[in-house]
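# Structural overview
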Amino acid sequence: DVVVTVYVDTLFALNGMVNYLLLLAAVRITDRPFRRWRLLLGAVLGGLYAVAVFVPPLGGLAGPPGKAAAGLLMALVAAGGRPWGRFWRYILVFLGASFALGGCVLALGVLTGRDAPPGGVPVLPVSLPILLAGAGVCYLIFALVFRRSARHGGAARDIVTVRLDWGGRTAEVAALWDTGNTLSDPLTGAPVMVMDCERGRALLPAEAALLVDKTALRRPERVLTLLHELGLAGRFRLIPYRAVGVECGFLLAFRPDVVTVGGRRRPGVLVALAPHALGDGVGYSAVV
């Protein structure tokens, strides 16, 4: 029998670094919002799992059920669960990146005369340079190549639920999650979602709703002047934009009290009112 000495600190550190790259690549590909500390925590849990499978009483965790449970827990901690449709896509991408890494490490090991890692857990005799090189190559391929494809399909075509709250009034709409929408406030850099005028009016104060309609929004600067006279200009502003057939135009936007996209609050988001219908016959009335 071949005896392999496993150093707990090295095992934990290597798996933690690899897990972090895999979790990061998955959120980059799926354009899922994330926080660094959550990714780090998910990577730490993966490192602890790698150590646990070498502890005799916990050796059963190395089986497929244990690996599946560990991967799901890592993904939940790293990227959260909601919206669930996008979360399961994230899980699949994370698993795909993990399989790709395993194949890449095995291929590099064969090319350099190394044997496969025992139990599917990255430990020596897979050397540190081989492991990190494999992880780096996989991250670059997934994050830089496949992320571009994902922007033009999949996640970019998702329909999410957006809830808007202002002064006790609430509006809930279906919105297209469009990663190509880069509209933002030029003064603050805050992201701007675009909403059908008729749906947005239900959220406005009564006096403001009387001034806002599709005809008036063709000259949003005039509407803003009238809102200023009513003392409401502090919640409204003009957002410049460019579109097909429009070299330079303006949209009237307002700042709700709370914006929730797919169950997650989005502080600072502005809502621009479109003077035309959005998504006619496609199932959404806003673009976020």
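Residues numbered from 1 in each chain as written. Predicted model: local features only at pLDDT ≥ 70, side-chain atom pairs only at ≥ 80, totals over all residues. Heavy atoms only, no water.

A word on the side chain of aspartate 185. The residue aspartate 185 is located in the loop between strand S2 (169–177) and strand S3 (192–196) in this model. Judged by relative accessible area, aspartate 185 falls into the buried class, the value being 2%. A distance of 3.0 Å separates a polar side-chain atom of aspartate 185 from the backbone nitrogen of leucine 187. Excluding residues within four positions of it along the chain, aspartate 185 makes contact with Ala190, Val192, Arg237, Ile239 and Leu270. (Helix = DSSP H or I, 4+ residues; strand = E, 2+ residues; numbered from the N terminus. Buried < 20%, exposed > 50% of the residue type's maximum accessible area, 1.4 Å probe, protein only. Polar contact = N/O pair within 3.5 Å; in protein donor to acceptor, adjacent residues only side chain to side chain. Contact = heavy atoms within 4.5 Å.)

This paragraph deals with the pattern of salt bridges. Per the counting criterion, the structure on display carries five salt bridges. A salt bridge links arginine 219 to glutamate 221; its shortest N-O distance comes to 2.7 Å. The exposure class of arginine 219 is partly exposed, given its relative accessible area of 41%. Its relative accessible area of 32% is what places glutamate 221 among the partly exposed residues. (Salt bridge = Lys/Arg side-chain N within 4 Å of Asp/Glu carboxyl O.)

On average, residues of the chain score 76 in pLDDT, and 70% of them reach the 70 mark or higher. In the model, residues 120–125 has pLDDT below 50 throughout and makes 17 contacts with residues more than four positions away in sequence or in other chains. (pLDDT = per-residue confidence, 0-100.)

All right, on to a nonpolar patch on the surface then. A cluster of nonpolar side chains, contributed by Phe12, Trp37, Leu41, Val44 and Leu48, occupies part of the molecular surface with about 450 Å² of accessible area. Take leucine 48: it is sitting in helix H2 (residues 36–52). (Patch = residues over 30% accessible without salt bridge, like charges linked within 9 Å, V, L, I, M, F, W, Y side chains within 5 Å. Areas by Shrake-Rupley, 256 points an atom, 1.4 Å probe, with all protein chains shown as cover.)

Formed by 29 residues in total, the largest nonpolar core has its most connected members in Val162, Leu164, Met193, Leu204, Val212, Phe236 and Phe254. Residue assignment for this core shows that the elements contributing at least two residues are strand S1 (158–166), S2, S3, helix H7 (206–209), helix H8 (220–229), strand S5 (246–254), strand S6 (258–261) and strand S8 (270–274). In this structure, Leu22, Ala26, Ala75 and Ile91 belong to the second largest nonpolar core, which totals 21 residues. (Core = buried A, V, L, I, M, F, W, Y, C linked by side-chain atoms within 4.5 Å.)

Relative orientation of the contacting elements H2 and helix H3 (residues 64–79) amounts to 160°, with a least axis distance of 7 Å. Considering the angle they form, H2 stands roughly antiparallel to H3. Helix-helix and strand crossings are classified by hand; for H2 and H3 the assignment is right-handed. Across from Arg38, Leu39, Leu41, Gly42, Leu45, Gly46 and Tyr49 in H2, the residues of H3 making contact are Gly66, Lys67, Ala70, Leu73, Met74, Leu76, Val77, Ala78 and Ala79. Across the contact of H2 with H3, the residue classes break down as 11 nonpolar, three polar and two charged. (Axes fitted to C-alpha atoms, helices over the stretch in contact; angles between N-to-C directions. Parallel < 35°, antiparallel > 145°, perpendicular 65-115°, else oblique. Left-handed = near helix turned anticlockwise from the far one by under 90°. Nonpolar A, V, L, I, M, F, W, Y, C, P; charged D, E, K, R; others polar.)

Right, let's get into H2. Taking 1.5 Å per residue, 17 residues should reach 24 Å; H2 reaches 24 Å between its end C-alpha atoms and fits that length. All buried positions along H2 are accounted for by Leu39, Gly42, Ala43, Gly46, Gly47, Tyr49, Ala50, Val51 and Ala52. Along its buried surface, H2 packs onto helix H1 (8–30) and H3. (Expected span 1.5 Å × (residues − 1).)

Between two packed helices, the angle of one axis relative to the other and the distance separating the axes together describe the packing. Relative orientation of the contacting elements H1 and H2 amounts to 135°, with a least axis distance of 7 Å. Comparing the axis directions of H1 and H2 gives the class oblique. Note on packing geometry: the crossing formed by H1 with H2 is right-handed. From H1, Val8, Leu11, Phe12, Asn15, Gly16, Asn19, Tyr20, Leu23, Leu24, Val27 and Arg28 reach across to H2, where they touch Arg36, Leu39, Leu40, Gly42, Ala43, Val44, Gly46, Gly47, Leu48, Ala50 and Val51.

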